[in-house]
Amino acid sequence: MEKVSVLVSLVAQLLHFVDQKGFDSNRLLEASGVDPQILLSPDNRISIDQYNAIQNNAVELTADDYFGLHIGELAIANSISIIGLVMMNCNTVGDAIRKAIAYQEVVGNLVHVSLENKNENTLVELSPKNGSYGHTRHCFEGSASGFFHLINSLCSNNFIVDRIWFIHEPPESLIEYK
């Protein structure tokens, strides 16, 4: 099975969010055992273990139990590497989603995105890549939140989500999910 990894541009977004909250992202990287020098090249990748350590430490540092949802809110098309730019140049949202699916491995192989049309509805599924469930709740919530905020930004904030299901245990309060 291939190693699960993430492009450092996603880590940079996470660190930007932490900095915006008033915390030191370099200290977060050090506490997570990740050398900040890895961020110098946008083509570098980190392992799922390193990404989970950064996320878990960021959740603890910020005391944000909805960290994944909140970091996903930052996603806009030009923030996720070349894929976002490709998506911005598609004629339809469906084409943009299909491009994201076709090139999803460029950003990371944590989550697999699939698209299925059912009657008048479209089902977008985000699932663990290769059946690996070594990701945190925040990882999946960040992926889902980021994906839908990205699509919403392409639709001038007119993208309607009817339902979202997560398979992980929910937190005590669901208010942030609404």
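Above this text is the structure in question.
Residues numbered from 1 in each chain as written. Predicted model: local features only at pLDDT ≥ 70, side-chain atom pairs only at ≥ 80, totals over all residues. Heavy atoms only, no water.

I'm lost on the overall build of the protein chain in this one. Help?
Each helix and strand counted, the protein chain has eight helices and four strands in total. Listing the helices and strands of the protein chain from first to last along the sequence gives β-α-α-β-α-α-α-α-α-β-β-α. Compactness check: the protein chain gives a C-alpha radius of gyration of 16 Å against a globular reference of 16 Å for 178 residues, within 12% of the reference. For the protein chain, the spread of C-alpha atoms along the principal axes amounts to about 50 × 40 × 35 Å. Taking all contacts inside the protein chain whose residues are at least 6 apart in sequence as the whole, residues at least 24 apart take part in 65%. (Helix = DSSP H or I, 4+ residues; strand = E, 2+ residues; numbered from the N terminus. Rg over C-alpha atoms; globule rule 2.2 N^0.38 Å. Contact = heavy atoms within 4.5 Å.)

It is not clear to me how the pairing of strand β4 (residues 121-128) should be interpreted in this structure. Could you clarify?
For a regular strand, side-chain orientation follows a simple rule: the groups alternate between the two sheet faces. Examined bridge by bridge, strand β3 (residues 111-118) and β4 share eight bridges and lie antiparallel to one another. Residue pairing in the sheet places His 112 in a bridge with Ser 127 of β4. From the end of β3 to the start of β4, which pair antiparallel, there are two residues, and Asn 119 there has a positive phi angle of about 55 degrees. (Pairing = 2+ DSSP bridges.)

What's the story with unusual backbone geometry in this structure? I'm lost.
Note: most peptide bonds trans; most residues except glycine with negative phi. With phi around 55 degrees, Ala 63 is a residue other than glycine that occupies positive phi space. Residue placement: Ala 63 occurs in the loop between α3 (48-62) and α4 (67-72).

Looking at this structure, how should I read the layout of surface pockets?
To find leftover empty space, one rolls a probe the size of a water molecule over the atoms. Taken as a whole, the largest pocket encloses approximately 990 Å³ of empty space. Lining of the largest pocket is provided by 33 residues; of these, Leu 123, Val 124, Glu 125, Phe 148 and Arg 163 occupy positions nearest its centre. Of all the elements in the fold, those that place two or more residues in the lining of the largest pocket are α6 (93-102), β3, β4 and α8 (137-154). Per-element accounting of the lining of the largest pocket gives the leading share, eight residues, to β4. Here the lining of the largest pocket is composed, by residue class, of 18 nonpolar, eight polar and seven charged. By volume, the second largest pocket amounts to about 470 Å³. Lining the second largest pocket are 21 residues, with Leu 69, Ile 164, Phe 166, Tyr 177 and Lys 178 sitting closest to its centre. Mapped by element, the contributors of at least two residues to the lining of the second largest pocket are α4 and α8. (1 Å grid on protein atoms, 1.4 Å probe; cavity = no way out; pocket = protein on both sides within 12 Å on 5 of 7 lines; lining within 4 Å. Points joined across faces, edges and corners; volume = space filled by probe spheres on them. Nonpolar A, V, L, I, M, F, W, Y, C, P; charged D, E, K, R; others polar.)

Teacher, can you tell me more about helix α1 (residues 8-20) here?
An α-helix turns once per 3.6 residues; consequently, residues spaced three or four apart project the same way. Under the 1.5 Å per step criterion, the end-to-end length of α1 is 18 Å for 13 residues, consistent within 8% with the ideal 18 Å. For α1, the set of buried residues is Val 8, Ser 9, Leu 10, Val 11, Gln 13, Leu 14, Leu 15, Phe 17 and Val 18. Packing partners of the buried residues in α1 comprise β1 (5-7), α2 (25-31), β2 (45-47), α3, α4 and α7 (104-107). A positive phi of about 95 degrees marks Gly 22, the residue just after α1. (Expected span 1.5 Å × (residues − 1). Buried < 20%, exposed > 50% of the residue type's maximum accessible area, 1.4 Å probe, protein only.)

How do you make sense of α8 when you look at a structure like this?
The end-to-end C-alpha distance of α8 is 26 Å, a good match for the 26 Å that 18 residues give at a rise of 1.5 Å each. Taking burial as the measure, the 18 residues of α8 include 14 buried ones, the bulk of the element.

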